[in-house]
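# Topology and contacts: notes
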Amino acid sequence: AELLQRLTKLGLGTKLCQQIIADISDDNDIETLWEQSLARLQESIPTADHGLLDEGGIVALVGPTGVGKTTTVAKLAAKYALRHGSRHVGLITIDNYRIGAQEQLRAYARILDVPMRTANTEGEIERHLEDLWDRRLVIIDTAGMSQRDSRLPKQMAQLKGDRDYLKTYLVVSANARLATIEETVIAYQAAQLQGCIVTKLDETTCLGAAISSVIEHTLPITYISDGQRVPEDLYSARADNIVARAVNIMNVTQG
């Protein structure tokens, strides 16, 4: 019961807590059991570095409003530009819904000295991709939409088209509730997600909801983010670091 309480304080879903408890022995003291539970949790978290900052490619970030997609686009672009040079980076936005979204990305593009294009149709996306063919990394910033938005299927269809080469990553906020993250992952699965980026670790009171969702849907975490600084506050995902941060957040929150 005490072990279940500790795991629940991490913000993990009930199902995951029960699975972890079922997988460990019960003949040790509580602290040993706790360490075993954290080790089991670490083994369960899917992470993957798909080489975005090495291989490049055509990348699209999708997700709800307010999760930090545009800032994350800037962070990825800045890191790639620092490593390979700004001449190898290009940006495209198809966010025509949120006021100021294009201006924000244009400001980042100006600072990074990389080209930015705006697309309103699938044809324009294709034309801009052709214009940026010599760029090793092209990142597409999409409109933030609720997982219940009726326009979401249309945007995902417009984005993917027949572009099998497009790598799509879901951006989720660590401070969202478990049910919200679950619903979001399911709604965006039509985009054929390669992984996810978890943001706002500095604003959340528990990291367990995001952890539970990626484990449930076997959706690899590629990067985590904990601030607004570009590009400093973006890190490659490591399961041990994620678990350590979840415990630290729990300890700070619980006092």
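Here the structure is shown first, and the text comes after it.
Reading the values: the criteria
Residues numbered from 1 in each chain as written. Predicted model: local features only at pLDDT ≥ 70, side-chain atom pairs only at ≥ 80, totals over all residues. Heavy atoms only, no water. Helix = DSSP H or I, 4+ residues; strand = E, 2+ residues; numbered from the N terminus. Rg over C-alpha atoms; globule rule 2.2 N^0.38 Å. Buried < 20%, exposed > 50% of the residue type's maximum accessible area, 1.4 Å probe, protein only. Salt bridge = Lys/Arg side-chain N within 4 Å of Asp/Glu carboxyl O. Contact = heavy atoms within 4.5 Å. Core = buried A, V, L, I, M, F, W, Y, C linked by side-chain atoms within 4.5 Å. Pairing = 2+ DSSP bridges. Axes fitted to C-alpha atoms, helices over the stretch in contact; angles between N-to-C directions.

## Remarks on the overall build of the protein
Within the protein, the secondary structure is distributed over ten helices and eight strands. Relative to the globule expectation of 18 Å for 255 residues, the C-alpha radius of gyration of the protein, 19 Å, shows essentially globular dimensions. In terms of overall dimensions, the protein has C-alpha extents of about 65 × 40 × 30 Å along its principal axes. Per-residue burial over the protein gives 55% buried out of 255 residues.

## Some points on the pattern of salt bridges
Under the defined criterion, the tally for this structure stands at nine salt bridges. Salt-bridge contacts for Glu2 lead to Arg6; the nearest nitrogen and oxygen are separated by 3.4 Å. Pair noted here: Glu2 and Arg6 are both in helix α1 (residues 2-9), with a separation of four residues, about one helical turn. Note on Glu2: relative accessible area 41%, which makes it partly exposed.

## Quick word on the environment of Arg163
With respect to the helices and strands, Arg163 occurs in the loop between α7 (152-160) and β5 (167-173). With 105 residues separating them in the primary sequence, Arg163 and Ile58 have C-alpha atoms 9.5 Å apart. For Arg163, the residues in contact, after removing those within four places along its chain, are Glu122, Ile125, Glu126, Leu129 and Gln158.

## Structural notes on unusual backbone geometry
The linkage connecting Val230 with the following residue, Pro231, adopts the cis geometry, with an omega of 0°. You can see Pro231 is positioned in the loop between β7 (221-225) and β8 (234-236). Residue Lys200 is not a glycine yet carries a positive backbone phi of 60°. Here Lys200 is to be found in the loop between β6 (193-199) and α9 (208-216).

## Some thoughts on the side chain of Lys69
Among the secondary structure elements, Lys69 is positioned in helix α4 (residues 69-84). Once residues lying within four places of it in the same chain are set aside, the contact partners of Lys69 are Leu61, Val62, Gly63, Pro64, Asp141, Thr142, Ala143, Gly144 and Val171.

## A closer look at the nonpolar core
Counting 57 residues, the largest nonpolar core has Leu10 and Leu41 as the members making the most contacts within it. Here this core takes seven residues from helix α10 (residues 239-254), the largest share from any one element. Non-local contacts of Leu41, meaning those with residues more than four positions away in its chain, are made with Leu10, Leu12, Leu16, Ile20, Ile211, Ile215 and Val243. Core analysis: the second largest hydrophobic core is formed by 25 residues, Leu53, Leu76, Leu91 and Leu137 among them.

## Digging into the sheet that holds strand β1 (residues 57-62)
On the basis of which strands lie adjacent, the open sheet formed by eight strands has the order β3-β2-β4-β1-β5-β6-β7-β8 and mixed pairing. Each edge of the open sheet is held by one strand with a lone partner, namely β3 (116-118) and β8. Each strand of the sheet is rotated relative to its neighbour by a mean of 25°, with strand direction disregarded. Sheet topology note: the β6/β7 ladder contains three bridges and is parallel.

## Comments concerning the environment of Thr72
Relative to the helices and strands, Thr72 is located in helix α4. When the C-alpha atoms of Thr72 and His217 are compared, they prove to be 22 Å apart, with 145 residues separating the residues in sequence. If near-sequence neighbours (up to four positions away) are discounted, Thr72 is found in contact with Leu61, Val171, Ile197, Thr199 and Leu234.

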